[in-house]
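Here's the letter readout for the chains.
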Amino acid sequence: MVCGLRLADGTDVVVKVRAGEGRTESCVAAQAWLAERGFPCARPLTAAVAVGSLAVHAEEFRTGGDVLPGDSPDVAVSYAEVFARLMDELNDLTVVPPLPNPRWVRWDHTDSGLWPTIESLEVRDQNAVPAYIVDTARRVRIRLLAADLPCVLGHADFEAQNLRWHGREVWAVHDWDSLAWQPEAALVGTASGAFSSTWAPTLASIESSEAFLTTYQDTRGRLFTAAEQEVAWAGSLWLAAHNARWEALHGDPPVSGNTLRVQAAERLRRANA
């Protein structure tokens, strides 16, 4: 739950309340670290505190800006530059890893099946999920779990709906409770596929994901190894498969499902999966 409040002195603040999974303290600490260094995000006003089974904190109200829509390689470059800056700043921060990772990128789960256990999905008819979605997720997860790469802290919900811009200048990055602890290449790959999602999650074009990955590496000044390139392409597919499964189980229009059907074969090839 997110509440906007106006204090007695006229200051507008936001109070965020979420389930206390043990992740919030690290996420808020990372957000504060970034804000102190001038990264465009809301500055936390309190640490995360436990209220019963909930975690609560307050932050400044950073309003304004517009969503930057589009799925062109040119738009991908703008998003990739921001993501590279974000990852560069987080590289110098040490926090307790915010585990478990957000459910939509939890390919590294230890549950018994292919998908992480999400109770609201488990009660639905799994036969509604098309075979190509299941097959894509299975192949991608095998490739990601085989990666022998160190984990880092990064934003796992880097979608257009979570950023605001003034023209091509980023004004705010939101949704800091979606930080994850995974290999850098997997996090970058996830962002390269998800950056163009506005209100309905989708999968960016292959050309735009490629532009995102190239720009990220150029901006960070570090080329991915061949294995990291494969992991990045695999990471771009797991989130799309999760979203496509969600659509199928809820009977929603197959926005992610359709793009996944068209792109899966080429992305799997690039992932060596």
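These figures come from a predicted structure and were not determined experimentally.

## A look at the side chain of lysine 16
Item 1. Topologically, lysine 16 is positioned in strand E2 (residues 12–19).
Item 2. With a relative accessible area of 14%, lysine 16 lands in the buried category.
Item 3. Residues contacting lysine 16, with those up to four places away along its chain left out, are Met1, Val2, Ala55, Val56, His57 and Glu59.

## Considering helix H5 (residues 184–194)
Item 1. Most of H5 is tucked away, with eleven of its eleven residues classed as buried.
Item 2. Residues of H5 that are buried sit in contact with helix H2 (73–90), helix H4 (131–145), strand E5 (151–155), strand E8 (179–183), helix H6 (206–220) and helix H7 (226–250).

## A look at the packing of aromatic side chains
Item 1. As enumerated under the stated definition, the model contains ten aromatic pairs in all.
Item 2. When the ring of phenylalanine 83 is compared with that of phenylalanine 158, the centres are 4.8 Å apart and the planes differ by 65°; the resulting orientation is edge-to-face. With phenylalanine 83 in helix H2 and phenylalanine 158 in the loop between E5 and strand E6 (163–166), the pair connects residues that are 75 residues apart, well separated along the chain. The pair formed by phenylalanine 83 and phenylalanine 158 is uniform in burial state, with each residue classed as buried.
Item 3. Aromatic pair phenylalanine 195 and phenylalanine 212: ring centres 5.7 Å apart, planes at 25°, arrangement stacked. Here phenylalanine 212 lies in helix H6 and phenylalanine 195 lies in the loop between H5 and H6, a separation of 17 residues in the sequence.
Item 4. Looking at phenylalanine 195, the relative accessible area reads 0%, which means it is buried.
Item 5. Above the ring of tryptophan 233, the side-chain terminus of arginine 270 is found at 4.8 Å from the ring centroid.

## Here we look at the environment of alanine 185
Item 1. Relative to the helices and strands, alanine 185 is located in helix H5.
Item 2. Residues alanine 185 and glutamate 36, 149 residues apart in the sequence, show an inter-C-alpha distance of 26 Å.
Item 3. Among all residues touching alanine 185, those that are not within four sequence positions of it are Phe224, Glu228, Val231 and Ala232.

## Quick word on a nonpolar patch on the surface
Item 1. On the surface, Val49, Val51 and Leu54 cluster together into a nonpolar patch covering about 230 Å² of accessible area.
Item 2. Mapped onto the fold, valine 49 is located in strand E3 (residues 49–51).
Item 3. Look at valine 49 and you get partly exposed, because its relative accessible area is 46%.

## Considering unusual backbone geometry
Item 1. Here the amide bond leading from leucine 99 into proline 100 is cis, since omega sits at 0°, within 30 degrees of zero.
Item 2. Relative to the helices and strands, proline 100 resides in the loop between H2 and helix H3 (119–122).
Item 3. Even without a glycine there, the phi angle at aspartate 175 is positive, about 70°.
Item 4. Looking at the secondary structure, you find aspartate 175 in the loop between strand E7 (169–173) and E8.
Item 5. In this structure, asparagine 272 is a non-glycine residue whose phi angle is positive, near 55°.
Item 6. In this fold, asparagine 272 is placed in the segment after helix H8 (255–271).

## So, the pairing of E6
Item 1. As defined by bridge partners, E6 adjoins E7 across four bridges and the pair is classed as antiparallel. Of the residues in E7, the one forming a bridge with leucine 163 is valine 173.
Item 2. Counted along the chain from E6 to the antiparallel partner E7, the turn is two residues long, and its residue glycine 167 has a positive phi close to 65°.

Parameters and conventions
Residue numbers run consecutively from 1 along every chain, following the written order of its sequence. Given that the model is predicted, a residue must reach a pLDDT of at least 70 before its local features are reported, and side-chain atom pairs must reach 80 or more before they are shown or counted; all residues, however, enter totals for whole chains, interfaces and linings. Here the side-chain values reflect all heavy atoms present in the structure, with hydrogen atoms and water set aside. Counting from the N terminus, the helices are DSSP H or I runs at least four residues long and the strands are E runs at least two residues long. With a 1.4 Å probe rolled over the protein chains alone, any residue whose accessible area is under 20% of its type maximum counts as buried; one over 50% counts as exposed, and the rest are partly exposed. In this analysis, two residues are considered to be in contact whenever any of their non-hydrogen atoms come within 4.5 Å of each other. Planes of paired rings set the category: under 30 degrees apart is stacked, over 60 is edge-to-face and the rest tilted, where pairs are Phe, Tyr or Trp rings (Trp by its six-membered ring) whose centres lie within 6.5 Å. Two thresholds decide whether a charge sits over a ring: the Lys NZ or Arg CZ must be within 6 Å of the ring centre and within 35 degrees of the ring normal. Patch rule: a residue counts if its relative accessible area is over 30% and it has no salt bridge; like charges are joined within 9 Å, and nonpolar side chains (Val, Leu, Ile, Met, Phe, Trp, Tyr) within 5 Å. Areas reported here follow the Shrake-Rupley algorithm with a probe of radius 1.4 Å; residue values treat only the protein chains shown as occluding. Salt bridges are defined as contacts in which a side-chain nitrogen from Lys or Arg sits within 4 Å of a carboxyl oxygen from Asp or Glu. Any two strands with at least two DSSP-identified bridges between them are counted as paired.

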